[in-house]
Amino acid sequence: MDMEEISKLKTNYAELNRFLELLANKDQLHANKEVSFDQLKQQLQAVTALLDQYKNENLRLRNALFSRKKERFVADQSGAQPLFDEVEAEVAAEEPTTDSSASDAPKSKKKKRGKRAPLPKHLPRERQENDLLPEQKICAIHQTALVKIGEEIVEKLVVIPATVKILEIATGKYKCPDCESCTIVPAPRDPDPIPKSFASPELLAYIAVAKFADALPLYRQEQIFARYEIDLSRTTMARWMIRCAELALPLYNLMHEELLETAVIHADETEVQVLKEENRSPESKSYMWCLSRSGIAPLILFMYFTTRSADAAKKLLLDYAGIVVADAYKVYRSLSQKLGFTIAGCMAHCRRKFFDAEKIAKKQASKDEVIIATSVLKIIRQLYLIERDIIDKPPDDKKRQRQERSVPIMATLKAYLDQQFSLVLPKSPTGKAIAYALNNWDELNRFLDDGRIPIDNNFMEANIRPFAIGRNNWVFSVTPAGAQSSAILYSLVQSAKANDLEPYSYLTTIFKELPKAVVLADFEKLLPHRVSEHFPVKHLSTAR
C-alpha cells in the first residue's frame, strides 16, 4: 500500500465518520426541521454505499498485502486448470492418477525429486586426487601390484569470497640526456574513469552491480568492505556513483534517442522518495518514469522527475509519434492527442482487475460476480494461449494469426461485458473492472491490427520490478542528483541484462572505454545491444 492509497483511505474514512456522526446525533436531527425524511434516507444510502466501497477497498488492500501475488486462477473445484500456471498444469497432468474406486481414503503421494542440473562447464576445474598409499597397492593374497582400472569423479562447488588486491600502475618517464631542455616523455596510460581517485573500473562496476542489480545498499557494502579492513565510506561510494553516471551520460542520451526512434515502445512510472528537493518536504513523492523497447535489441531507460504530470511525460517522450504501450493513466491519453503518438492498452492490467474482483467476490460470497469475473478470465486466457503460440513469429504472421483467432475472442469478450455491465453495481470491484475494460476498449484492441504491438506491458513491468525491490532496501535517494544518477545506472544495468550481458562485465568495459571515447562512433560501440560486436563482454547465457 503506497502513501497515496493511505491518504485516500484517511479522507474517505473522515467523510464516513461525518455521515455517521450526523445520523447518530438524533436530538440535532429532530431539532432541525429542515432535515426531511427523504434527506435522511439519501444520507443513509450514501453511508451504506460508502461502507460497501470501503469493505471492497479493505479486501483489495488485504489481498495486496497478504495474499498470493501470482495471478493463478482456478475456475472451479472439479478438474479446472489454472489460467496462468500452465507449467504446473502440465506437471500435474503427467503424474499418474489412482483409481478412485480402489479406495475412498486419500493417499499421500511422495513428491519426486527433480534431476540435478550439471554444474556450469565454463567454471574452472581444480583436480583433487585421492589415491592409495604405495603399500596399499599390493594384493594381500597374491602379493602382486594392483592395476588402476578407473576412477570415480565427484564435483563439488566451491565459493571463494571476493578477492581484493591493489594494482600498482607504473608509468615510465623518459628524457634525452644530451638535450639541454628538460622535456620529459611519459609512457602512454589509459585515463581513469574518476581522475585522482583510487577507484578502478572493476571496483566501480562491483559497487554499481551490488546496488543496482543486487539491491545492496551502500551502507551494507561499507560493512562488507570493513571486513576486508578497507575503509570505504558510503559517502565516498555515493559520490563515485554520481561521477559514474556523469561519465555514462552520453551513452544514456544515445539510448533515449534510440528509444524515441523506435516504432513501438513501453512506458510506465513508479514512485521514489528524494529527501532534499528544493521547495519540497522530505515526505513528498517523486517518480521514476520509464521507457523501454522489447524485441531483438532491448533497451530500458529510467528518468527521474519530481511529478507524475503531463509536463514530465512530455519531457520524456519529447516529439515521439509512434506507439506507446501503457496502462490507462490519463496523462498518456491527453498527451497522445498533443504529440500525435498512439496508445496501445495493457491486457495484463485488465486481467488483473478481474482477478482481484474474483478474489473479493469469493470472500463476499457473491456468486454472480464470481461467475462474471471467472468467465472473463477464461476468455482472456484464450488470448494469452494464442500469444504463446505465436511468440516467435514475425510481425506479419502475428497479425494474421490474431486477425483469424483473436478477433473473434475479443468480439465475444465485448459482447459479454456489455451484457453484464448493467447487472452489477458500478462501484463494485467487478463493475469497476468491466468499466475499465469498456472505457479502454479501443486501446486494448490495438494489438490485433499490428504484429509489432505486444498484448500487454509486462516487459516494462518486469524491468521496473528490480528498481522496486531495490527501493525497499535503500528506501530513498538523498538528493535529486543522486536520484538521476540512480536512473542512469539502473538503465545501464537493466539494459545489459535484457541483452543477455553479465552486468559486472558490461559496466567494467564501459568504465574502461568511456574515458577514451571522443567521437560519436566511440560511444555507439558501447551501447548494450552493440558492445558485444566490439569488446569481449561476458554473456549471462554462458552461465546457464
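This one's a predicted model, so the numbers in the text were calculated from it and none came from an experiment.

Parameters at a glance
- Residues numbered from 1 in each chain as written.
- Predicted model: local features only at pLDDT ≥ 70, side-chain atom pairs only at ≥ 80, totals over all residues.
- Heavy atoms only, no water.
- Helix = DSSP H or I, 4+ residues; strand = E, 2+ residues; numbered from the N terminus.
- Contact = heavy atoms within 4.5 Å.
- Areas by Shrake-Rupley, 256 points an atom, 1.4 Å probe, with all protein chains shown as cover.
- Core = buried A, V, L, I, M, F, W, Y, C linked by side-chain atoms within 4.5 Å.
- Buried < 20%, exposed > 50% of the residue type's maximum accessible area, 1.4 Å probe, protein only.
- Axes fitted to C-alpha atoms, helices over the stretch in contact; angles between N-to-C directions.
- Parallel < 35°, antiparallel > 145°, perpendicular 65-115°, else oblique.
- Nonpolar A, V, L, I, M, F, W, Y, C, P; charged D, E, K, R; others polar.
- pLDDT = per-residue confidence, 0-100.
- Phe/Tyr/Trp six-rings, centres within 6.5 Å; stacked < 30°, edge-to-face > 60°.
- Lys NZ or Arg CZ within 6 Å of the ring centre and 35° of its normal.
- Patch = residues over 30% accessible without salt bridge, like charges linked within 9 Å, V, L, I, M, F, W, Y side chains within 5 Å.
- Salt bridge = Lys/Arg side-chain N within 4 Å of Asp/Glu carboxyl O.

**Student:** Can you explain the overall build of the protein? Please cite residues and give values.
**Tutor:** Each helix and strand in the protein was counted, giving 19 helices and seven strands. Long-range pairs, those at least 24 residues apart, make up 65% of the contacts in the protein with a sequence separation of at least 6. With an accessible surface of roughly 33800 Å², the protein has 54% of that area assigned to carbon and sulfur atoms.

**Student:** Go over the nonpolar core with me, naming the residues and quoting the values.
**Tutor:** Counting residues in each nonpolar core, the largest one holds 77 residues, and the members touching the most others are Trp289, Leu492, Tyr506 and Leu507. Here the element with the most residues in this core is helix H17 (residues 480-498); it accounts for eight residues. Sequence-distant contacts of Tyr506, defined by excluding residues within four places in its chain, comprise Leu251, Leu492, Ala496, Leu501, Leu526, Leu527, Pro528, Val531 and Val537. Grouped together as the second largest cluster of nonpolar side chains are 36 residues, Ala344, Met347, Leu383 and Leu438 included.

**Student:** Give a description of the packing of helix H5 (residues 201-212) against helix H7 (residues 234-247) that names residues and reports values.
**Tutor:** When two helices pack together, their arrangement is given by the angle between the helix axes and by the axis-to-axis distance. Taken N-terminus to C-terminus, the directions of H5 and H7 make an angle of 100 degrees; their axes are 10 Å apart at the nearest point. Taken as axis vectors, H5 and H7 run roughly perpendicular relative to one another. Residues Leu203, Leu204, Ile207, Ala208 and Phe212 of H5 form the contact with H7, whose own contacting residues are Met237, Trp240, Met241 and Cys244. Partitioning the contact of H5 with H7 into residue classes produces nine nonpolar, no polar and no charged.

**Student:** I'd like a description of the confidence of the model for the protein, backed by residues and values.
**Tutor:** Taken residue by residue, the protein gives an average pLDDT of 82. The fraction at 70 or more is 79%. Mean pLDDT across the elements of the protein ranges from a minimum in helix H4 (residues 86-94), with 36, to a maximum in helix H18 (residues 503-513), with 96. Contacts for the low-pLDDT stretch residues 74-106, under 50 throughout, to residues beyond four places or in other chains number 28 contacts.

**Student:** Give me the lowdown on the packing of aromatic side chains, citing residues and values where you can.
**Tutor:** For the coordinates displayed, the defined rule picks out eight aromatic pairs. With 5.3 Å between their ring centres and 80 degrees between their planes, Phe198 and Trp240 make a pair best called edge-to-face. Note that Phe198 is positioned in the loop between strand S2 (185-186) and H5 and Trp240 in helix H7, a separation of 42 residues in sequence. Residue classification places Trp240 among the buried positions, given a relative accessible area of 6%. A connected cluster of aromatic rings, assembled from ring pairs, spans Phe212, Phe302, Phe467 and Tyr490. Here the guanidinium or amino end of Arg351 rests over the ring plane of Tyr384, the centre of that ring lying 4.4 Å away. The aromatic ring of Tyr436 is capped on one face by Lys353, whose charged end is 4.9 Å from the ring centroid.

**Student:** Can you break down a nonpolar patch on the surface residue by residue, with the values?
**Tutor:** Together, Leu123, Leu157 and Val159 make up an exposed nonpolar region whose accessible area comes to about 300 Å². With respect to the helices and strands, the residue Leu157 is situated in the loop between H4 and strand S1 (173-174). The exposure class assigned to Leu157 is exposed, which follows from its relative accessible area of 57%.

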